[in-house]
Amino acid sequence: MDPDGSCIGGPFGPRTPYPMVPMPPTTHNLSVAHRVASMHPSVTVAFGNRAKAMKRAGIDVLSFSLGEPDFDTPQPIKQAAIDAMLAGQTKYMPTLGDPETRAAIAEKLTRENGIAGLTGDHVAISAGGKHSLYVCCHCLLDPPAEGEAPWEVLLPVPAWVSYAPIAHMAGGEVVELPTSPADDFKISPQQLREAVTPRSRLLILNSPSNPCGTMYSPDELRALAAVIEEAVATTCPDLIVLSDEIYEKIIYGGMDHFSIGSIPAIADRVLTLNGMSKAYSMTGWRVGYAAMPGDFGKEFIQAVGTLQGQMTTNICSFVYPAIRTALTKCDADIERMRQAFAHRAEVIYSRLTKIDGLVCPKPTGAFYAFPDVSCYFGRTTAAGRPINSALDMCEALLEEAHIALVPGEDFGGCGKRCVRISFACGEDQINAGMNRFEDFLAKLR
Ligand code: PMP
Ligand code: GLU
């Protein structure tokens, strides 16, 4: 299996293979483990890598594929890491993070997010939000014992492409809660009420959302919390909410970010996940964290430590002071980047609304637009390629128009009718890319 390559299957069922790097002929009879061989590779990473490879080959590709801010990491953050390295902080550290940084994260979550009862003991630092997700899923889910029903992972879809494969690998059964552009890709309390069962173990929420670019209001989250409170007290005693808030700082729709873990009635049920990649433009640093208050929260974080201790030990040692600097001394940088994203969101939205037939909620958070492009299915490109799916469209866009978008199939639900456009790039690129997109669609027959 090539990591950029094809794979059919995964938790959302059979898929069309991705356009692949050709595989050399097989010269052996060996195989890799089924649980990985059957895993669907990350389509965001796959298209991002393809765009980079085409650029390296000298092709003028405009990439809107990876969710990676184009800004450099703010200087004070870099300096803090350099200083720590020069001062000799280059050895193994405690697995869950150094106590000072765990405490700084607990303080941040208390101060900014209103999550009560957190200390450093309730925080686990990891090598990225994706790593935290992986470890948390493995600490909460088990494959079903014989004769037992699997743990269910309730996932509002479309959702980021890594949730389902990771939850599935940990032994959970992913249950999709469908949404649509008409409801800004958000689930309703009634939908959640109908979805929970005694085997519901995890509800994954991601606001602001990748790939949808929309977010829940505080009142909408309170309404979901009321359903969760009732479910936990009645049919669903094992339910935990994993609230992925990695885009919390990138908001521009007039709505405040709200942490569902700040609602006292369910606070001890909420595992808040976050990381440094997006708000601080630190994707390459690989820092994420998970936090959960209460007695179970502390015990759970210890379990995370056991797993991470057999996996990564600590993260890079001289990064800890940089995390503290980011959390406490970079408000102006965060605001500068937020404003740029807000402006880009306006630009891309105004371009998309001018294209016939696209349906796209206005982005209010993160840096993604997720238009429904299905009215173009059934047509043929100028070069004769049939467009019958989002994957067909993205493949043709890459090959013929040299723009890299991400096909929506792997985000689940109605994502199969959508393409994801990451506008974590400058306005000139957005306009140039939208010119190519418009031109490509206009030429479809
Ligand atoms: N959650 C969401 C919703 C994301 O889009 C990403 C993208 N990378 C992550 C978590 C994980 O990010 P990282 O591993 O870089 O912290
Ligand atoms: N989360 C980003 C994205 O969706 C980075 C790639 C990944 O981890 O999926 O593009």
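Residues numbered from 1 in each chain as written. Chains lettered and ligands numbered in written order. Predicted model: local features only at pLDDT ≥ 70, side-chain atom pairs only at ≥ 80, totals over all residues. Heavy atoms only, no water.

Asker: For helix α11 (residues 331-353), give the residues involved together with the corresponding values.
Answerer: Along its 23 residues, α11 runs 33 Å from first to last C-alpha, staying within 8% of the 33 Å computed at 1.5 Å per residue. Within the span of α11, buried status applies to Asp333, Ile334, Met337, Phe341, Ala342, Arg344, Ala345, Val347, Ile348, Arg351 and Leu352. (Helix = DSSP H or I, 4+ residues; strand = E, 2+ residues; numbered from the N terminus. Expected span 1.5 Å × (residues − 1). Buried < 20%, exposed > 50% of the residue type's maximum accessible area, 1.4 Å probe, protein only.)

Asker: Give me the lowdown on the site of ligand 2, citing residues and values where you can.
Answerer: All residues in the neighbourhood of ligand 2 are listed as Ser42, Thr44, Leu66, Gly67, Lys130, Trp160, Asn210, Lys278, Tyr368 and Arg420. Contact distances for ligand 2 include 2.7 Å between an oxygen atom and a side-chain N or O atom of Thr44. Between an oxygen atom of ligand 2 and a main-chain N or O atom of Gly67, the distance comes to 2.7 Å. Relative to its free-state accessible area of 270 Å², ligand 2 is covered by the protein chains to the extent of 87%. A class-by-class count of the residues in the shell around ligand 2 yields three nonpolar, four polar and three charged. (Near = heavy atom within 4 Å. Polar contact = N/O pair within 3.5 Å; in protein donor to acceptor, adjacent residues only side chain to side chain. Areas by Shrake-Rupley, 256 points an atom, 1.4 Å probe, with all protein chains shown as cover. Nonpolar A, V, L, I, M, F, W, Y, C, P; charged D, E, K, R; others polar.)

Asker: Outline the nonpolar core, supporting the account with residue identities and numerical values.
Answerer: Counting 90 residues, the largest nonpolar core has Leu352, Met393 and Phe437 as the members making the most contacts within it. The leading source of residues in this core is helix α12 (residues 390-401), at eight residues. (Core = buried A, V, L, I, M, F, W, Y, C linked by side-chain atoms within 4.5 Å.)

Asker: Quick one: what's the story with the confidence of the model for the protein, residue by residue and with numbers?
Answerer: Averaged over the protein, the pLDDT score is 93; the fraction of residues at 70 or greater is 95%. Long-range and interchain partners of residues 13-21, a stretch whose pLDDT sits below 50, account for 28 contacts in this model, where long-range means more than four residues apart. (pLDDT = per-residue confidence, 0-100. Contact = heavy atoms within 4.5 Å.)

Asker: Which residues make up the site of ligand 1, and what values do they have?
Answerer: Lining the immediate environment of ligand 1, one finds 13 residues, of which Gly129, Asn210, Asp244, Tyr247 and Ser277 sit closest. Tyr247 is positioned such that a nitrogen or oxygen atom in its side chain is 2.6 Å from an oxygen atom of ligand 1. Against a free-state accessible area of 390 Å², the protein chains account for coverage of 93% of ligand 1. In the shell around ligand 1, the residues fall into four nonpolar, five polar and four charged.

Asker: Outline the pairing of strand β7 (residues 270-275), listing residues and values.
Answerer: Along β7, six of the six residues are buried, which leaves the element largely enclosed by surrounding structure. Side chains Val270, Thr272 and Asn274 project from β7 onto one buried face, and the interleaved Leu271, Leu273 and Gly275 project onto a second face that is buried too. Two elements, strand β6 (residues 240-244) and β7, share four bridges in a ladder whose sense is parallel. Pairing of Ser243 across the sheet is with Thr272, part of β7. Bridging between β7 and strand β8 (residues 288-291) involves four bridges; their strand directions are antiparallel. (Pairing = 2+ DSSP bridges.)

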